[in-house]
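Below, each chain spelled out in residue letters.
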Amino acid sequence: MTTGEAQGEGLVLTCVADGVMTITLNEPKTGNALDVAMTEALAAALERASGLSNVHCVLLRSSGRHFCTGGNVKDMEAGADLMQGSVEAVRERLAGSLHRITRALHALPVPSIAAVNGAAVGAGFDVALMCDLRIAAENARFAESFLRLGLVSGIGGAWFLARIVGVAKAMELTLTSEFIDARRALDAGIVSHVVADDALDAAAERLAGKIASSPSHALRMAKQLVRQSAEASLPAALEMAASMQAILLCGEEHKAAVRQFLK
């Protein structure tokens, strides 16, 4: 991204500008694979985003040809990745590393967008699914490819995928490890927009900027209301809506927005 001042060097870059925090996966030589170091760096950036009051939207993108190619298969072969040792040790390591990304993305109080180019594979696909919105370049390819390596998603992807595409489609994508292109991902509801490869950054920036420009308190409540309503009964959803709306109607943010609207 071209605006704001980038922070950090190496694996993950962050930049905050105009209410948008851009987080860039920056290890193109591995396809931005989620090895131990990348996992820790991404989790730390996401955790930091939650605590910044000047951030109203998070945009997750990548440098290089691919969004994220999942686990580093060469590390797996060399015994240098997370999934080595006893079963209990691996469980604890997953909870303390990859699951930090899952928890941090799901806990973000502000909307999140994944801008996907090239491959989003395995855990890389799952990270994109954890974002609230996804926008894809024409060259994007997606695969829930764990079975190719005799694995399942250890980062929680099944939970997100089934909620986005439904259980039957999630089952098909998981059991076949099939790659789907950007247009099929659009048809399945995985992404909301597909743009030309060279237009991805600009399109993602526009979408993030539009979201971040909304009144910040209402924006956070809107995200929370949609997410919670998806799994609540209608009476519970109505109670949440009434409570949130009452808080907002009595707040100065709403009054300022009305004044601005009537100008």
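Please refer to the structure placed before this passage.
Residues numbered from 1 in each chain as written. Predicted model: local features only at pLDDT ≥ 70, side-chain atom pairs only at ≥ 80, totals over all residues. Heavy atoms only, no water.

Peer 1: It is not clear to me how the overall build of the chain should be interpreted in this structure. Could you clarify?
Peer 2: Of regular secondary structure, the chain possesses twelve helices and ten strands. Here the chain has a C-alpha radius of gyration of 19 Å; the compact-globule value for 263 residues is 18 Å, and the two agree. With the C-alpha coordinates of the chain rotated into their principal frame, the extents come out at 60 × 45 × 35 Å. The buried share of the chain, taken over its 263 residues, is 42%. A sequence separation of at least 24 residues applies to 67% of the contacts in the chain between residues at least 6 apart. Looking at the chain, you have 24 positive and 28 negative side-chain charges, and the mean spots of the two groups are 4 Å apart. (Helix = DSSP H or I, 4+ residues; strand = E, 2+ residues; numbered from the N terminus. Rg over C-alpha atoms; globule rule 2.2 N^0.38 Å. Buried < 20%, exposed > 50% of the residue type's maximum accessible area, 1.4 Å probe, protein only. Contact = heavy atoms within 4.5 Å. Lys, Arg positive; Asp, Glu negative; His and termini not counted. Charge placed at Lys NZ, Arg CZ, Asp CG, Glu CD.)

Peer 1: Looking at this structure, how should I read the sheet that holds strand β8 (residues 141–143)?
Peer 2: The strands making up a sheet are joined through hydrogen bonds of the backbone, oriented either antiparallel or parallel. In spatial order, the strands read β6-β8-β9; together these three strands make up an open sheet with mixed pairing. Edge positions in the sheet fall to β6 (119–121) and β9 (180–181), since each of these pairs with one other strand and no more. In terms of strand pairing, β8 meets β9 through two bridges, oriented antiparallel. Its bridge partner being in β9, Phe 142 is matched across the sheet by Ile 180. Contacts from helix α5 (residues 123–130) reach β6 and β8, with the element oriented near 95 degrees to β6. (Pairing = 2+ DSSP bridges. Axes fitted to C-alpha atoms, helices over the stretch in contact; angles between N-to-C directions.)

Peer 1: Quick question: what am I supposed to make of the pattern of salt bridges here?
Peer 2: Where charged atoms from two side chains of opposite charge approach closely, those side chains can pair. In this structure the tally under the stated criterion is eleven salt bridges. The shortest N-O distance in the salt bridge between Arg 61 and Asp 201 comes to 3.1 Å. Remark: Asp 201 occurs in helix α9 (residues 200–212) and Arg 61 occurs in strand β4 (residues 57–62); sequence separation between them is 140 residues. With a closest N to O distance of 2.6 Å, Arg 183 and Glu 138 form a salt bridge. Of the two residues, Arg 183 is situated in helix α8 (residues 182–187) and Glu 138 in the loop between β7 (133–137) and β8; the sequence distance between them amounts to 45 residues. With a relative accessible area of 39%, Arg 183 lands in the partly exposed category. With a relative accessible area of 34%, Glu 138 lands in the partly exposed category. Counted as one network, the salt bridges with shared partners bring together Asp 132, Lys 223 and Arg 227. (Salt bridge = Lys/Arg side-chain N within 4 Å of Asp/Glu carboxyl O.)

Peer 1: So what exactly am I meant to see when it comes to the pairing of β4 here?
Peer 2: In regular strands, side chains alternate between the two faces of the sheet. With respect to burial, β4 is a largely interior element, six of its six residues being buried. A two-sided burial pattern is seen for β4, the buried positions comprising Cys 57, Leu 59 and Arg 61 on one face and Val 58, Leu 60 and Ser 62 on the other. A crossover links strand β3 (residues 20–25) with its parallel partner β4, the connecting element being helix α1 (residues 36–50), and its sense is right-handed. Across three bridges, the pairing between β4 and strand β5 (residues 112–116) is parallel. Residue Leu 60 lies in a different strand from β5, and its bridge partner there is Ala 114. (Right-handed = clockwise from strand over helix to strand, strands pointing away.)

Peer 1: How do you make sense of the nonpolar core when you look at a structure like this?
Peer 2: Among soluble globular proteins, nonpolar side chains are generally buried collectively. Of all hydrophobic cores here, the largest spans 50 residues; its most connected members are Ile 23, Leu 34, Leu 42, Phe 142 and Ile 190. Those residues in contact with Ile 23 that sit more than four places away from it in its chain are Val 12, Leu 13, Thr 14, Leu 42, Ala 45, Leu 46, Val 58, Leu 59, Leu 60 and Arg 61. In this structure, Cys 57, Ile 135, Ala 137 and Ile 211 belong to the second largest nonpolar core, which totals 16 residues. (Core = buried A, V, L, I, M, F, W, Y, C linked by side-chain atoms within 4.5 Å.)

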